[in-house]
Amino acid sequence: MPVTTSHEEPELIQLLTPEGEFKEHPDYPLDISAEEMRGLYRDLALVRRLDTEAVALQRQGELGLWASLLGQEAAQVGSGRALRPNDMAFPSYREHGVAWCRGVAPKDLLALFRGVTNGGWNPDDHGFHLYTIVIGTQALHATGYAMGIQRDGALGEDGSAVIVYFGDGATSQGDTNEAFVYAAVNNAPVVFFCQNNQWAISEPLERQSRVPLYRRAEGFGFPGVRVDGNDVLACLAVTRAALHNAREGQGPSLIEAFTYRMGAHTTSDDPTRYRMSAELEEWKAKDPLLRLHTFLTRNGLADEAFFAAVEEEAGRLGERIRTECRALPDPAPLDIFHEVYAEPHHHIDRQRAEFADYLASFEGADAEGGR
Amino acid sequence: MSVITYRQALRDTLRAEMHRDENVFLLGEEIGVFEGSYKITEGLLKEFGERRVRDTPIAEEGFVGAAIGAAMLGLRPVVEIMTINFSLIAIDQIINHAAKIYGMFGGQTSVPMVIRTPGGGGQQLGATHSQNIELFYSFIPGLKVLAPSTPAEAASMLRAAIRDDDPVLFLENLGLYNTKGEVPDGDESVAEIGRAAVTREGTDITLIGYSRMAMVAGQVAEKLAAEGISVEVVDLRSLRPLDRDTIVESVRKTGCAVVAEDDWLTYGIGAEIAASIQEGAFDYLDAPVRRVAMAEVPMPYAKPLETAALPSIDSITTAVKETLSAVGRRVG
């Protein structure tokens, strides 16, 4: 089955090759200091450690589920660091790297997957909305939020823009396509950030689209661009430009970050059932950390002591995550009634009282229903 | 007689029906290469090829709508929707189109399609992936809704669904896939759509359930038998059409009833059953009809909270005993 309808290779915006060579791009000049670049490396390394620890915690039964971001660190850190404090990000369920950039504490992410809370952080505190489990729905929510910013007149240099994260699979959903329609006709300040990690669980991209995803934008009437999703510098530059355009009233755009899900869809999945190991090997050579490591070393922007310090910090982070995760409290049974309605509701009050009586009928029960 | 799982019964039946009728084909997310999120379609792509087993994009309204079109042409699509929760995206195609086309088109074209989809909580899948919303479809004239509880029922009812000329929502349950039961060798029985079954005879009380709750009802009856309480179990099997006669006949015999349902109480399936009982057996009732359902909250993801929200053998047993106490009968 043909993947493209034209013979032209789609352009891939890349500033850092897999071999760690920097190349300028005329449309995306990058103004960045050596310190900021080291900061990006630190982000990538710590986010990878966070992810590795979480997978291990799930395997140990400490989390119900985890959706690994392995391989997608650059797409998330690059775009996440392009955001300003005033901006709002709408994630799917895999954006742990963006959460990191927005200052969400790792334990708050883990609390969600452990079942301690259905939220875990205040979106307004972080400019980072809550995880959405259902595929593609957040594209519409982000568009509506962006239309709100527009209505408030909060655009311009000091204004806000919205970014929404979703995957290649979500581009098949009606919600995502309707979000494109609404954003386009309203010129909403929203950046659609699609991490094309090549696989929607077991279904490869050619099951979702016959054209490169970034080209979908053209049909809806806004620009689309494909960026190397394993190149943190390119992701930063391209996302900065898209957010700038959105803030300046130029409307929506679509970024397709071309990347690869190196792990399973979630801890419930086994990708060896449906994809070839050669494909994984091919993508390992394009690893997002590796190329930045090479670039920093080769250009004398970071030394061994820096990398050793990052490694040591990652070790401490891992330890902290393990300790904090295990210390998260189990919720009490009566908590099931807490968040059904924002306002008091007599029907819930009655159910809670009946359930409390039922729990109290067991020996040794405490007032909260815990045993 | 073979003992097989509910999953195996579904798979064997799909396979046999595909051999029997060239017009039967499957479509849905992850059903081909991945062999189904719950492995119901395991081996079928290899055996029948892509023409008969179609992996679809993640677009439920799209593939349900396409299946309706194929069915109108005379094919017999069997759609898998990964869970009933995702059917919400396709609900316009199901309710406004699949269920209405035969009538709206003056009986010119029927829609002989099956939508297979599992419901069921208890798997720690969170509020948007753990709902039992079969009520939405059971409410709709033009649809048939089947909810088998055993491997043998799953086989004979799936056969009936595929061969039926109307759209059928075929409700499976995540908590039943690994359960085992006897299926006669070479069985080719086709269930009568719209028939409930008395799966255990008893004299003291009628306990009514469907899908996973019919299985749990059987376990409750077994447990109470040891205490000298004789529970009659009615497995609804078909939520639309609903077999009121079997329910009413049982309650006329026992004089009291409990309904166990894996959905929410208010406006739930049990409300319809209770109403049917008072219409058909009012003068025979010795106690109010009790319903045992889920706590009316979005399903929690945390395991202890999810367990707290679901009906259980204990909560159903308690309701049965309280009902019997209310009529002044001996409780073991």
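Rules behind the numbers
Residues numbered from 1 in each chain as written. Chains lettered and ligands numbered in written order. Predicted model: local features only at pLDDT ≥ 70, side-chain atom pairs only at ≥ 80, totals over all residues. Heavy atoms only, no water. Helix = DSSP H or I, 4+ residues; strand = E, 2+ residues; numbered from the N terminus. Rg over C-alpha atoms; globule rule 2.2 N^0.38 Å. Buried < 20%, exposed > 50% of the residue type's maximum accessible area, 1.4 Å probe, protein only. Contact = heavy atoms within 4.5 Å. Buried area = accessible area lost by both parts, 1.4 Å probe. Salt bridge = Lys/Arg side-chain N within 4 Å of Asp/Glu carboxyl O. Polar contact = N/O pair within 3.5 Å; in protein donor to acceptor, adjacent residues only side chain to side chain. Nonpolar A, V, L, I, M, F, W, Y, C, P; charged D, E, K, R; others polar. Phe/Tyr/Trp six-rings, centres within 6.5 Å; stacked < 30°, edge-to-face > 60°. Pairing = 2+ DSSP bridges. Right-handed = clockwise from strand over helix to strand, strands pointing away. Core = buried A, V, L, I, M, F, W, Y, C linked by side-chain atoms within 4.5 Å. Domains from an automatic or database assignment. pLDDT = per-residue confidence, 0-100. Axes fitted to C-alpha atoms, helices over the stretch in contact; angles between N-to-C directions.

Okay, the overall build of chain B next. The helix and strand tally for chain B stands at 12 helices and 14 strands. Compactness check: chain B gives a C-alpha radius of gyration of 20 Å against a globular reference of 20 Å for 332 residues, within 12% of the reference. When its C-alpha atoms are laid out on the principal axes, chain B stretches across 60 × 45 × 40 Å. When the 332 residues of chain B are sorted by exposure, 59% land in the buried category. Restricting to contacts in chain B with at least 6 residues of sequence separation, those with at least 24 account for 82%.

Right, let's get into the interface of chain A and chain B. On the chain B side, the residues contacting the 32 residues of chain A number 32 residues. Considering only the side of chain A, the residues that lose the most area to chain B are Arg207, Arg273 and Ile336 of chain A, jointly responsible for 23% of the buried surface there. Where chain A touches chain B, the interface holds two salt bridges. For Arg273 of chain A, the salt bridge goes to Glu35 of chain B, with nearest N and O atoms at 3.0 Å. In this structure, the connection of chain A to chain B is made through 11 residue pairs in polar contact (both at pLDDT 80 or more). Broken down by secondary-structure element, the contributors of at least two residues to the side of chain A that touches chain B are α4 (106-114) and α13 (346-360) of chain A. The biggest single contributor to the side of chain A that touches chain B is α13 of chain A, with five residues. Considered class by class, the residues forming the side of chain A that touches chain B number 17 nonpolar, nine polar and six charged.

Here we take up the packing of aromatic side chains. All names here are of chain A. Enumeration over the complete set of coordinates arrives at 27 aromatic pairs over all chains. Aromatic pair Tyr260 and Trp283: ring centres 5.2 Å apart, planes at 10°, arrangement stacked. One end of the pair, Tyr260, is in the loop between β7 (253-258) and α10 (277-284); the other, Trp283, is in helix α10, with 23 residues separating them in the sequence. There is no split in this pair, since Tyr260 and Trp283 are both buried. A centroid spacing of 6.1 Å and a plane angle of 20° characterise the contact between Phe355 and Tyr358, whose relative ring orientation is stacked.

To continue, consider the pairing of strand β14 (residues 290-294) of chain B. Residue and element names in this part refer to chain B. In terms of strand pairing, strand β13 (residues 257-264) meets β14 through four bridges, oriented parallel. Bridged to Ala260 within β14 is Val292. Traced from β13 through helix α10 (residues 269-281) to β14, the parallel crossover comes out right-handed.

Bringing the nonpolar core into the picture now. Taken as a class, soluble globular proteins show a tendency for nonpolar side chains to be buried jointly. Grouped together as the largest cluster of nonpolar side chains are 70 residues, with contacts concentrated most on Tyr41, Tyr131, Leu233 and Leu292 of chain A. Sequence-distant contacts of Leu292 of chain A, that is, excluding residues within four places in its chain, are made with Leu16, Met37, Leu40, Tyr41, Leu44 and Val232 of chain A. Ala70, Ile84, Ile208 and Ile277 of chain B belong to the second largest nonpolar core, which has 45 residues in total.

Before going further, it helps to spend a moment on the domain arrangement of chain B. Residue and element names in this part refer to chain B. Considered domain by domain, chain B is made up of domain 1 (2-183) and domain 2 (197-326). Summarising the inter-unit geometry, the C-alpha centres of domain 1 and domain 2 are found 26 Å apart. With 32 residues of domain 1 at the contact, the number on the domain 2 side is 25 residues. Roughly 2200 Å² of surface becomes buried between domain 1 and domain 2 when both sides are summed, with 54% attributable to carbon and sulfur atoms. On the domain 1 side of the contact with domain 2, Gln124, Asn132 and Leu135 bury the most area, a combined 23% of that side's loss. Our count for the domain 1 to domain 2 interface comes out at one salt bridge. For the salt bridge of Arg237 with Glu153, the shortest nitrogen-to-oxygen distance reads 3.2 Å.

Once that is clear, we can look at the pairing of strand β3 (residues 190-196) of chain A. Residue and element names in this part refer to chain A. Counting buried positions over the seven residues of β3 gives seven, a clear majority of the element. Residues Val190, Phe192, Cys194 and Asn196 line one face of β3 and the alternating positions Val191, Phe193 and Gln195 line the opposite face, and both faces are buried. Sheet topology note: the strand β2 (residues 162-167)/β3 ladder contains six bridges and is parallel. Paired with Tyr165 across the bridge in β3 is Phe193. With respect to chirality, the unit in which β2 leads through helix α7 (residues 174-186) into the neighbouring parallel β3 is right-handed. In this sheet, β7 lies alongside β3 in parallel orientation, the contact comprising six bridges.

Per-residue confidence for chain B gives a mean pLDDT of 96; residues scoring 70 or more make up 99%. Of the two predicted TM-score estimates for the complex, the pTM is 0.92 and the ipTM is 0.87.

So, about the side chain of Ser79 of chain A. Structurally, Ser79 of chain A can be placed in helix α2 (residues 73-82). Excluding its chain neighbours within four sequence positions, the residues that come into contact with Ser79 of chain A are Ala74, Ile163, Tyr165, Phe193, Cys235 and Thr239 of chain A.

Residues and elements named next belong to chain B. With mixed pairing, five strands are arranged side by side in an open sheet as β9-β11-β10-β13-β14. On the outer flanks of this sheet lie β9 (197-200) and β14, each paired with one strand and no other. Direction aside, neighbouring strands of the sheet carry axes that sit 25° apart on average. Here three bridges tie β9 to strand β11 (residues 231-235), and the two strands are oriented antiparallel to one another. Residue pairing in the sheet places Val198 in a bridge with Val234 of β11. Across the sheet, helix α9 (residues 244-254) touches β9, β10 (205-209), β11 and β13, and the angle it forms with β11 is around 170°. Strand contacts of α10: β10, β13 and β14, with the helix running at about 155° to β13, the strand carrying the most contacts.

The next subject is the sheet that holds β2 of chain A. Sheet strands associate in pairs through backbone hydrogen bonding, adopting either a parallel or an antiparallel arrangement. All names here are of chain A. Taken together, five strands build an open sheet; the order of strands is β1-β2-β3-β7-β6 and the sheet is parallel. Bordering the open sheet on either side are β1 (88-90) and β6 (224-228), each of which pairs with just one other strand. With strand direction ignored, the average angle separating the axes of adjacent strands in the sheet is 20°. Pairing between β6 and β7: five bridges, direction parallel. Opposite Val225, over in β7, you have Ile255 as the bridge partner. α2 rests against β2, β3 and β7 of the sheet, and its axis sits at about 165° to β3. Each of β1, β2 and β3 is contacted by helix α6 (residues 137-151), which is oriented at about 170° to β2, the strand it contacts most.

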